[in-house]
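Topology and contacts: notes
So the chains spell out like this:
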Amino acid sequence: MPTLRINNQKREAEFILFDLDGTLIDDRGRRLAESRMEAMTLRAGREAAETWARFSGVDPDGFAVDMDGPLSKAPRREDLTVAAVALYRHGHPWHRARELSKIIYDEADEIQRRRYTPRFFPGVRAAIERLRGSGFGIGVATNGEASQARGVLEKLDSLGLFDVVVGADMVDEGKPAPDMILKACELAGAPPEKTVYVGDQPTDAQAGRRAGVALAVGVGGVELLDAGADAIVDSVSELKTA
């Protein structure tokens, strides 16, 4: 069984599971906010779009995203409900608001696909290739939809590096619930106690702890230790094999 080395810690594991946005690739939050604001404005008008932005934790002018808000943290099905409520507040009957919210989000996805070019953080692709070459299974678990995550990885010409891609649409509850990690472990054939989970948000550390992973690794500051991470790194590129 391969061994992972993080700072001064060594841990045998079968499977390394990563969050996507903010961990492996640059965070898409601002671009997602811009595309959804544009699609909402075109379909429902500026006032409805501004209501959606406030409900979603988005500054409607500068597109700054509240990292604790729905756009950043909610699985898509919950996010769609936020959009539907905004549309309902602006005169759309509830069932129509739900239908329209899905249309708007699909159109926003298309806007983002046309305009957004994802990129790995420096050294990340090489690190994943190195870890995979050492015998670790590699996967992604994201609060976004699995199909969108696969699309991003395809754009990066790297989907083949990942054995498993799990999104919030494949489970009952998104992070910080452990569902996605447990689903990924099931699909990979790796027990949680032989799995390392790596993410950049407190909800990632919390999900890892609740899933019972061997090691929860935070990418970022010491606040991730308070959330339950066993170790922190500045970048995925720091993950080494022993």
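Rules used in this analysis
- Residues numbered from 1 in each chain as written.
- Predicted model: local features only at pLDDT ≥ 70, side-chain atom pairs only at ≥ 80, totals over all residues.
- Heavy atoms only, no water.
- Pairing = 2+ DSSP bridges.
- Helix = DSSP H or I, 4+ residues; strand = E, 2+ residues; numbered from the N terminus.
- 1 Å grid on protein atoms, 1.4 Å probe; cavity = no way out; pocket = protein on both sides within 12 Å on 5 of 7 lines; lining within 4 Å.
- Points joined across faces, edges and corners; volume = space filled by probe spheres on them.
- Nonpolar A, V, L, I, M, F, W, Y, C, P; charged D, E, K, R; others polar.
- Buried < 20%, exposed > 50% of the residue type's maximum accessible area, 1.4 Å probe, protein only.
- Contact = heavy atoms within 4.5 Å.
- Axes fitted to C-alpha atoms, helices over the stretch in contact; angles between N-to-C directions.
- Parallel < 35°, antiparallel > 145°, perpendicular 65-115°, else oblique.
- Left-handed = near helix turned anticlockwise from the far one by under 90°.
- Phe/Tyr/Trp six-rings, centres within 6.5 Å; stacked < 30°, edge-to-face > 60°.

Side chains on a regular strand alternate between the two faces of the sheet. Strand direction decides the pairing type here: strand S1 (residues 3-6) and strand S2 (residues 9-12), joined by four bridges, are antiparallel. Opposite Leu-4, over in S2, you have Arg-11 as the bridge partner. Counting the residues that bridge the hairpin from S1 to S2 gives two residues, and of these Asn-7 lies at a positive phi of roughly 55°.

On to empty space enclosed by the protein. The tally for this structure, following the rule as stated, stands at two cavities of 30 Å³ or more. Of the pockets and cavities examined, the largest cavity occupies roughly 480 Å³. Lining of the largest cavity is provided by 27 residues; of these, Asp-21, Leu-71, Ser-72, Asn-143 and Gly-144 occupy positions nearest its centre. When contributions to the lining of the largest cavity are tallied by element, the ones reaching two or more residues are helix H1 (29-44), helix H3 (70-73), helix H4 (76-89), helix H5 (94-115) and helix H9 (202-211). Taken together, the residues that form the lining of the largest cavity break down as five nonpolar, nine polar and 13 charged. Every residue lining the second largest cavity is listed: Tyr-197, Gly-199, Gln-201, Asp-204, Ala-205, Ala-216, Val-217, Gly-218 and Leu-224. Broken down by element, the residue count for the lining of the second largest cavity peaks at three residues, all from strand S7 (residues 215-219). When the residues that make up the lining of the second largest cavity are grouped by side-chain class, the tally is five nonpolar, three polar and one charged.

Counting through the fold element by element, Phe-121 comes out in the loop between H5 and helix H6 (124-133). Looking at Phe-121, the relative accessible area reads 26%, which means it is partly exposed. In the structure, Phe-121 is positioned 95 residues away from Asp-26 in sequence and 6.4 Å away in space, judged by C-alpha atoms. Excluding residues within four positions of it along the chain, Phe-121 makes contact with Gly-22, Thr-23, Leu-24, Ile-25 and Asp-26.

Attention shifts here to the packing of H4 against H5. At a minimum axis distance of 8 Å, the contact between H4 and H5 shows a crossing angle of 120°. The angle between H4 and H5 falls in the class oblique. Seen along the crossing, H4 lies across H5 with a hand that is right-handed. Within the contact between the two elements, H4 uses Arg-76, Asp-79, Leu-80, Thr-81, Ala-83, Ala-84, Val-85, Leu-87 and Tyr-88 and H5 uses Trp-94, Ala-97, Arg-98, Leu-100, Ser-101, Lys-102, Ile-104, Tyr-105, Asp-106 and Asp-109.

Take the sheet that holds S7 next. In space, the six strands of this open sheet follow the order S5-S4-S3-S6-S7-S8, with parallel pairing throughout. At either end of the open sheet lies a strand with only one pairing partner, and these are strand S5 (164-167) and strand S8 (231-233). The average undirected angle you get between the axes of adjacent strands in this sheet is 20°. Relative to S8, S7 is paired through three bridges, and the arrangement is parallel. Directly across from Gly-218, in S8, lies its bridge partner Ile-232. Running over the sheet, helix H7 (residues 146-155) touches strand S4 (137-142) and S5 and is turned about 135° from S5.

It is worth spelling out the packing of aromatic side chains at this point. Here the structure, examined in full by the defined rule, presents one aromatic pair. Ring centres 6.3 Å apart and planes at 85° place the aromatic pair Tyr-88 and Trp-94 in the edge-to-face group. Given a relative accessible area of 48%, Tyr-88 falls into the partly exposed group.

Such coordinate-based values are descriptive only and should not be taken to indicate function.
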